Every structure is written in C-alpha cells, then in structure tokens.
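# Coordinate inspection notes
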Amino acid sequence: MNYQVINTPLSDKTFSNRHYCLSFKGAYVKHKDFEMIKGIGRGWLEVVHEGLELELDNTDSQRAGRHDLIYNQNKPNNDLYFDELIDKDIFLFYDPAGLNYAHFFFNLFSKILYYEKLSIPNLTIGIPEDFYQEEGNSNFIKQWLDLYLKDKPIDIIVFKKHIRYKISNLIIPNVQYCFPEPIGEGLILDKIKEIANKIPIIKTNSKGCYISRQDTLKRGWYHKRELLNEIELIDQIQSKLGYDIIELMDYNMIQKIQTFKSYKNIIQQSSASAIGIIFSGKENTNIIISHPKMEGWFNSKLINFSSYSGAPLYTLNGGGECVENLDPNLIDQNNLPWELYDINSIIEVLLNLELN
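The notes below deal with the structure included here. In every chain, residue numbers begin from 1 and rise along the written sequence. A pLDDT threshold of at least 70 governs which residues receive local features in this predicted model, and a stricter bar of 80 or more applies before side-chain atom pairs are shown or counted, although totals over entire chains, interfaces and linings include all residues. As a rule here, side-chain values cover all heavy atoms of the structure and leave hydrogens and water aside.

### A closer look at the overall build of the chain
How we decide: Helix and strand assignments come from DSSP, with helices taken as H or I runs of at least 4 residues and strands as E runs of at least 2, each series counted from the N terminus. Note that the radius of gyration is over C-alpha atoms, with the globule rule given as 2.2 Å times the number of residues to the power 0.38. Per-residue accessibility, obtained with a 1.4 Å probe over protein chains only, is compared with the maximum for each type, and a residue is labelled buried under 20%, exposed over 50%, and partly exposed between these values. Here a residue-residue contact requires only that any non-hydrogen atoms of the pair lie within 4.5 Å. In this charge count, Lys and Arg are treated as positive and Asp and Glu as negative; neither His nor the chain ends contribute. By convention, the point assigned to a charge is CZ for Arg, NZ for Lys, CD for Glu and CG for Asp.
Assigned secondary structure in the chain consists of 10 helices and 18 strands. For 356 residues, the compact-globule estimate of 2.2 N^0.38 gives 21 Å, and the C-alpha radius of gyration of the chain, at 22 Å, lies within 12% of that figure. Along the longest, intermediate and shortest principal axes, the C-alpha atoms of the chain span 65 × 45 × 35 Å. Taken over 356 residues, the chain has a buried fraction of 56%. A fraction of 72% describes how many contacts in the chain between residues 6 or more apart in sequence connect residues 24 or more apart. Distance between charge centroids for the chain: 5 Å, based on 37 positive and 46 negative side chains.

Take a look at the structure:
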C-alpha cells in the first residue's frame, strides 16, 4: 500500500520503535457513532485509504511499532463519495481511549509531541467532534487544548458527525505512551507540567479538600467503581476536618489545576482525577484512599507522579473491600463497587496526617 512513514524521533528513546507518523494522500475520514465493546469505546472514526479501512484502534500493533498492520484487510471500502474536501495537511488528533481523563493526557495528548517535531508548514490539527466539546463529561479536552494552543498559530478542524471528508494529506501519529505503562512518560509529564505552571495559585476556604465521586454518579458515568459508603465518609470529612468537598467534573480545566496547586491537603479515592498530583508541588499533600483493585498498579503510577512533581503522597491501603463480582461484559478488572470497612479509622488516620 502507498503510504509514507515519517520518522519523528523524540529525545526519550524508551519506545523509539513507536516514534513515527504515517502520511496518507487522498484519505477519507468519517466521524461515526462509537460502539461500546466490553466497556471500552471503539470505532469513532472510519478512515479509508486506497480501498481499505485503516485500523486506528489497534493499540497493541501501534505499541509494537507495526505500521504494516495499519490496513484492515478484512474491511474493503471502495466508496469514493465525500461531503467535503479538505485540501490541507491534517494531523489526526485521536485515540480511542482519549475521552477518559487520565488516558487523554497520556494516550492522546502525548501525540502532540510528534506534532511539534513535524516541519510541515500550516499543519492543521483535525479532531473528531466528540473529542472537542464545549459542554459535557469530556469538555476538559477542549479546555486543555485551549491552554496548550494559547498564543500558538495552530488551526483546528473539527470532524463533524456523519460527514465524510476527503483529505489531501492525512497524517496519523503513532501512539507515544499508553497509560499506565511503567516507564516512558517523562516527556509528556514535562509538557503537562509546562502548561500547569502557567496557572496561578488561588486562596482556598479551608486547609484541605476531598474530591468526591458523587459527580460521576449524577452523570451516569460508564464505570461501576462506586464507593458505596462515600456519603458517610464525606459527612465525617466535613464535620471532623472541616474540608471543602469538591465535585471536580463541575470545574473547568483551570479550576481543576488550581485545586491541586492551592490546597495544602487533597484527599480522594483511586480515580483518573488523581493524575492531578502532576499539577501539585511540594506544598500540596495528596492522600489516596485506595480501591482494593488499584492498590498496586495505580498507586505505583501515582508514586511516579509524586516523585516527578515533588508533591508528598500518602496511600491508604487495605481499608476496603469489593462487594460485587466483575461484570463479564466489562474488560476493566478494576470496575467494581467497593466499601470502606471502618470510616472512623480512616478519619483518625486523616486527622493524624492533618497534624503533621
């Protein structure tokens, strides 16, 4: 097949086999309704080149550097119809995991490292409409990109739903890093911190805060990792510590960053929002009440982030249990409801940390 490999070497050589983009002349792009397959969203984009659909969601082949597997030989598509012609060089900003808060920063935003390496004049970023929303659960993507793009002469084209585009030159970046791989995230941490450093600290109403997950329940979020006695925990944190209770999904991106930069103590459960430790500094103590399924792999990543940012980190492990069996229709083994054994003991630990 006729495509060009554009080598885009990065200074961190951990996954040097991944450091490339692919260029496709005369590709067709259509933003579709995604499919939920065992709890994982797939198929937001149909991209066709030379009569075959491209396999954009096969992260395993991308991690292996197998760009020869980009064409899906089982999906011929000879449709030459298009609604709009884009006679430009387009950098495709997409990853199937990108709507998840943590995966956005690492799986998707990390691809901007390739964009910055490409010396193509007037290279435009193309992003699916679902990934560039003013409102809704995933509006943090647009808000973060607005921070990144401020004062940069970079244009964005949004692929509207169900519109088929023909693109003169579509550049598809390979995966750079996949959360939660144990190594290889250094460059994207630098880029995240660079942006967060521009956001000023604010005065807070109290010494600390608890980041509640009640916001995810109100929005009907797709995972099932609910702390069943969280309301009791919230009541005690308010009454015994006097901390602010924050529902982070109600905050814009700047406010999210300020939360982790401004409070002295930040308490939360194991969740994607914990990557906010990267925004914190040595003045901000982060305390994680660990989900039983996430005490190992997830906390090891948070330790990395804490070491990087200098923010003190405490993980409270062994304080709860999962209360249901895994839904066989879900891939993610961590999405189980859970319960704290003894909230009074948790509060006692938090009070001791408060005194230190």
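### Points about the packing of aromatic side chains
As a reminder, the rule being used: Only Phe, Tyr and Trp rings are paired, with Trp represented by its six-membered ring, and only when their centres lie within 6.5 Å; those with planes under 30 degrees apart are stacked, over 60 edge-to-face, the remainder tilted. Only when the NZ atom of a Lys or the CZ atom of an Arg is both within 6 Å of the ring centre and within 35 degrees of the ring normal do we say a charge sits over the ring.
What the rule picks out here adds up to 25 aromatic pairs. Ring centres of Y94 and F131 lie 5.5 Å apart, and the angle between their planes is 70°; on these two criteria the pair is classed as edge-to-face. With Y94 in the loop between β8 (84-92) and α2 (101-108) and F131 in the loop between β9 (124-128) and α4 (140-149), this residue pair connects regions lying 37 residues apart in the sequence. Judged by relative accessible area, which is 0%, F131 ranks as buried. Ring geometry for Y101 versus F105: centroids 5.2 Å apart, planes at 85°, classification edge-to-face. Taken together, the residues span about one helical turn, with Y101 and F105 both in helix α2 at a distance of 4 residues. Given the relative accessible area of 0%, F105 is considered buried. One aromatic cluster is present, built from ring pairs that chain together Y101, F104, F105, F109, F140, W144, Y148, F260 and F279. The lysine or arginine in question, R18, covers the ring of F15, its NZ or CZ lying 3.7 Å from the ring centre. The ring of Y148 is capped by K152, whose NZ or CZ atom sits 4.4 Å from the centre of that ring.

### Let's talk about α4
The element α4 is extensively covered by neighbouring structure, given that 9 of its 10 residues are classed as buried. Where α4 is concerned, the buried positions are F140, I141, K142, Q143, W144, L145, L147, Y148 and L149. Those residues of α4 that are buried lie in contact with α2, α3 (112-117), β9, β10 (156-159), α5 (186-196) and α8 (253-262). Of the residues one or two after α4, D151 is the one with positive phi, at around 70°.

### Focus: the side chain of Q214
The line we're drawing: Contacts described as polar in this section are N or O atom pairs within 3.5 Å, which, within protein, must combine one atom able to donate a hydrogen with one able to accept it, while residues neighboring in sequence count only if both atoms come from side chains.
In this structure, Q214 sits in helix α6 (residues 214-218). At 2.7 Å, the side chain of Q214 forms a polar contact with the side chain of E230. If sequence neighbours within four positions are ignored, Q214 has contacts with E230, I231, I234 and E247.

### Focus: the environment of E283
Here E283 shows up in the loop between β14 (265-269) and β15 (285-289). With 14 residues separating them in the primary sequence, E283 and W297 have C-alpha atoms 25 Å apart. Those residues within four positions of E283 in sequence are excluded, and the remaining contacts are Y263 and K264.

### Some points on the pairing of β14
Successive side chains on a regular strand alternate, one facing one side of the sheet and the next facing the other. Heads up, the condition is: What makes two strands pair is DSSP finding at least two bridges between them.
By the criterion of burial, β14 is predominantly enclosed, with 5 of the 5 residues buried. Relative to β15, β14 is paired through 5 bridges, and the arrangement is parallel. Bridge pairing links N265 to T285 in β15.

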